[in-house]
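What follows is each chain in one-letter form.
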Amino acid sequence: MSEQAAVEWPLWEVFVRSKAGLDHKHCGSLHAADAKMAVQMAREVYTRRQEGCSIWVVPSNQITASDPGEKSNYFDPMEDKVYRHPSFYQLPDAINHM
Amino acid sequence: MSEASIKVGHQPAVQYLLRIGDSCLILGQRLGEWCGHAPVLEEDLALSNMALDLIGQARALLTHAGELDGQGHDEDQLAFLRDERQYLNPVLMELPNGFEASHDFAFTQWRNFAVSTWLLLLYRRLQHSSDAGLAAIAAKAVKEAAYQQQHAADWVVRLGDGTPESAARMQTALQQLWPYFNELFDADAVDAAAVAQGLGPAWSELLPEWQAHLAEVLSDAGLTLPKASAFMSSGKRGIHSEHMGHLLAELQYLQRAFPGGRW
């Protein structure tokens, strides 16, 4: 099994833009030998039903993630800070979409 | 009880269209055999996508051929109810996915590259066909062929320029398939009639450009062009290899066993 892992292609994270003007969204990952192949494979795997007009791929090992063990320290303190939401303003009637 | 076999007419335009449509149908069927067997999941999807692209092109081309033929045959009847001699694809398309193994990846990618290059050049020319229906089919298909060519070319270079093992396998595939390419560029009366009608090019006209594409990719891959072969297959005239009957048995089974069956 470890021998298998040694020859396995690197993992890539795939981001697809669904249409012009929108942002690229993470949609999954895949294995590919290099960046060029990763883009092609992303096209095959993630855009075969017209899901996108642009693809980004990023080597998974280049992503630095927050530590799941730190989750409570990182995110729980925000729970009771409602004042950080701009929900206490009186909006003029003329502003429709806020 | 099986539904009676149908025959197509001898009009050159019908034959010209069927040669292309059957090429897509039969290679699409072959590529479909990779589904579930490719070396990695990603390539499994890629090969299946390509098979479906080819089947899509075959559907449009067979439908159009059926209209020109005027016997009221639709795409399904043309795909499933002809006997072997009525299929007009070059033998190259019906060859199995490898001579030494049932799923030879190098063999498959090399054939895909050669065929998609040929289709790309053909569709480019057919966009200017005097037949508006054919021109529209070609305009859509040309993008699919361009992508397939790129995908296969990348594999040819990757394997040819890879390890000694992958290069040797690629070179073997090159030698094995080489004699079957001749038929793609063998002009006959059907081509002459297509040129005269403005329907499309004689396939022989595509040879210099096809060779240039191949030479470029083979040079990038560090592979050697095989020596010219005098062998000439004749699938375009309905004379097929021993592989065709087996392929058709699988392709046609359901429609022959349940005539007119739909889902």
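These remarks concern the structure in this document.

Calculation notes
Residues numbered from 1 in each chain as written. Chains lettered and ligands numbered in written order. Predicted model: local features only at pLDDT ≥ 70, side-chain atom pairs only at ≥ 80, totals over all residues. Helix = DSSP H or I, 4+ residues; strand = E, 2+ residues; numbered from the N terminus. Rg over C-alpha atoms; globule rule 2.2 N^0.38 Å. Contact = placed C-beta atoms within 7 Å. Pairing = 2+ DSSP bridges. Axes fitted to C-alpha atoms, helices over the stretch in contact; angles between N-to-C directions. Buried ≥ 20, exposed ≤ 12 C-beta atoms within 10 Å, placed from the backbone. Expected span 1.5 Å × (residues − 1).

Another aspect to go through is the overall build of chain A. The helix and strand inventory of chain A stands at three helices and three strands. Beginning at the N terminus, the succession of helices and strands in chain A can be written as α-β-β-α-β-α. For 98 residues, the compact-globule estimate of 2.2 N^0.38 gives 13 Å, and the C-alpha radius of gyration of chain A, at 20 Å, exceeds that figure by more than 25%. Nonlocal contacts in chain A, meaning residues at least 24 apart in sequence, comprise 44% of its contacts between residues at least 6 apart.

A word on the interface of chain B and chain A. Taken together, the contacts link seven residues of chain B with 10 residues of chain A. Of all the elements in the fold, those that place two or more residues in the side of chain B that touches chain A are α2 (41-69) and α6 (132-160) of chain B. Examining the composition of the side of chain B that touches chain A, we find that four residues originate from one element, α2(B), more than from any other.

Bringing the sheet that holds strand β2 (residues 24-31) of chain A into the picture now. Residue and element names in this part refer to chain A. On the basis of which strands lie adjacent, the open sheet formed by three strands has the order β2-β1-β3 and antiparallel pairing. If you trace the sheet from one side to the other, it starts and ends with β2 and β3 (54-59), each paired once. Strand after strand, the sheet turns through a mean of 30° between neighbouring axes, direction not considered. Sitting on the sheet, helix α2 (residues 35-46) is in contact with β1 (11-17), β2 and β3, with an inclination near 125° to β3.

Attention now moves to unusual backbone geometry. Positive phi outside glycine occurs at Gln50(A), with the angle close to 60°. With 8 C-beta atoms packed within 10 Å, Gln50(A) lands in the exposed category.

To continue, consider α2(A). Here α2(A) contains 12 residues, and its C-alpha end-to-end distance of 16 Å stays within 8% of the 16 Å for a straight helix at 1.5 Å per residue. By the burial criterion, the buried members of α2(A) are Met37(A), Ala38(A), Gln40(A), Met41(A), Ala42(A), Glu44(A) and Val45(A). Buried-residue contacts for α2(A) involve β1, β2 and β3 of chain A together with α2 and α6 of chain B.

Residue and element names in this part refer to chain A. Two strands pair when backbone bridges link them, and β1 and β2 are joined in this way by seven bridges, in the antiparallel orientation. Within β2, the residue paired with Val16 across the bridge is Lys25. Taking the residues that link successive antiparallel strands as the turn, the β1-β2 hairpin has six residues, and the phi of Gly21 there is positive, at about 100°.

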